[in-house]
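Residue-level listing of the chains:
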Amino acid sequence: MSDTLTQAAAALNEKLDAAGFDGSAKFQIEDMGAIVLDSDGARIGDEETDVTMSADAETFEAILSGELNPTSAFMTGKLSVDGDMGTAMKLASALA
């Protein structure tokens, strides 16, 4: 499981490098753990952030691969958002 999180953090770092992201967010992935994203990049962690987005592994992988738009995932109930919605929207734009 940690290999999956490590690979996901690396993929997020590649995506965020070009886009830049100045907030703090956490992806809480059911039965796996969490990835924190902030100005230092993406890493496995569970610290406090401006917003926490929760999803199952399948939804997270689809968002990461670009198969699923984060806004669509939220609107269909596959992704829950707790915290600053503005930060969540900035992250969605950075990952698009």
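Coordinates for the structure precede this section.
We now turn to the structure provided with this report. Every value quoted in this text rests on a predicted model; they were computed, and no experiment measured them.

### Points about the sheet that holds strand E2 (residues 33-38)
Hydrogen bonds between backbone groups are what pair the strands of a sheet, and the pairing can be parallel or antiparallel.
Argument step 1. Here five strands make up an open sheet; going across it, the order is E3-E2-E1-E4-E5 and the pairing mixed. Of all the strands in the sheet, the pair left with one neighbour each is strand E3 (41-44) and strand E5 (80-83). Between one strand and the next, the sheet's axes are offset by a mean angle of 20°, whatever the strand orientation.
Argument step 2. Pairing between strand E1 (residues 25-29) and E2: five bridges, direction antiparallel. Residue pairing across strands places Ala25 opposite Leu37, the latter belonging to E2.
Argument step 3. Against the sheet, helix H4 (residues 85-95) makes contact with E1, E2, strand E4 (51-55) and E5, and its axis sits at roughly 65° relative to E4, the strand it touches most.

### Observations regarding a nonpolar patch on the surface
Argument step 1. Together, Phe74, Met75, Met85 and Met89 make up an exposed nonpolar region whose accessible area comes to about 410 Å².
Argument step 2. Met89 sits in the partly exposed class, given a relative accessible area of 46%.

### A few points about H4
Working note: α-helix, 3.6 residues per turn, so residues spaced by three or four point in the same direction.
Argument step 1. Within H4 the residues assigned to the buried category are Thr87, Ala88, Leu91, Ala92, Ala94 and Leu95. Looking straight down H4, one finds its buried side chains confined to an arc of 160°; they lie on one side.

### Some points on the nonpolar core
Side chains of nonpolar character tend, in soluble globular proteins, to be buried together.
Argument step 1. Counting residues in hydrophobic clusters, the biggest one holds 26 residues, and the most contacted among them are Leu12, Phe27, Ile35, Leu37, Met53, Phe60 and Leu91.
Argument step 2. The set of elements that each furnish at least two residues to this core consists of helix H1 (2-19), E1, E2, E4, helix H2 (57-65) and H4.
Argument step 3. Considering every element that reaches this core, the biggest residue donor is H1, with five residues.
Argument step 4. Once you skip the residues sitting within four places of it in the chain, Leu37 turns out to touch Leu12, Leu16, Phe21, Gly23, Ser24, Ala25, Phe27, Ala42 and Leu91.

### Examining the pairing of E2
Argument step 1. Of all six residues in E2, five are buried, a share of seventy percent or more.
Argument step 2. Linkage of E1 to E2, two consecutive antiparallel strands, is achieved through a turn of three residues, within which Asp31 is found at a positive phi near 60°.
Argument step 3. Note that E2 and E3 share four bridges and pair antiparallel. Bridge assignment links Asp38 to a residue of E3, and that residue is Gly41.
Argument step 4. In this structure, the hairpin formed by E2 and E3 is closed by a connection of two residues.

Definitions and cut-offs
- Residues numbered from 1 in each chain as written.
- Predicted model: local features only at pLDDT ≥ 70, side-chain atom pairs only at ≥ 80, totals over all residues.
- Heavy atoms only, no water.
- Pairing = 2+ DSSP bridges.
- Helix = DSSP H or I, 4+ residues; strand = E, 2+ residues; numbered from the N terminus.
- Axes fitted to C-alpha atoms, helices over the stretch in contact; angles between N-to-C directions.
- Contact = heavy atoms within 4.5 Å.
- Patch = residues over 30% accessible without salt bridge, like charges linked within 9 Å, V, L, I, M, F, W, Y side chains within 5 Å.
- Areas by Shrake-Rupley, 256 points an atom, 1.4 Å probe, with all protein chains shown as cover.
- Salt bridge = Lys/Arg side-chain N within 4 Å of Asp/Glu carboxyl O.
- Buried < 20%, exposed > 50% of the residue type's maximum accessible area, 1.4 Å probe, protein only.
- Arc of directions from axis to C-beta.
- Core = buried A, V, L, I, M, F, W, Y, C linked by side-chain atoms within 4.5 Å.

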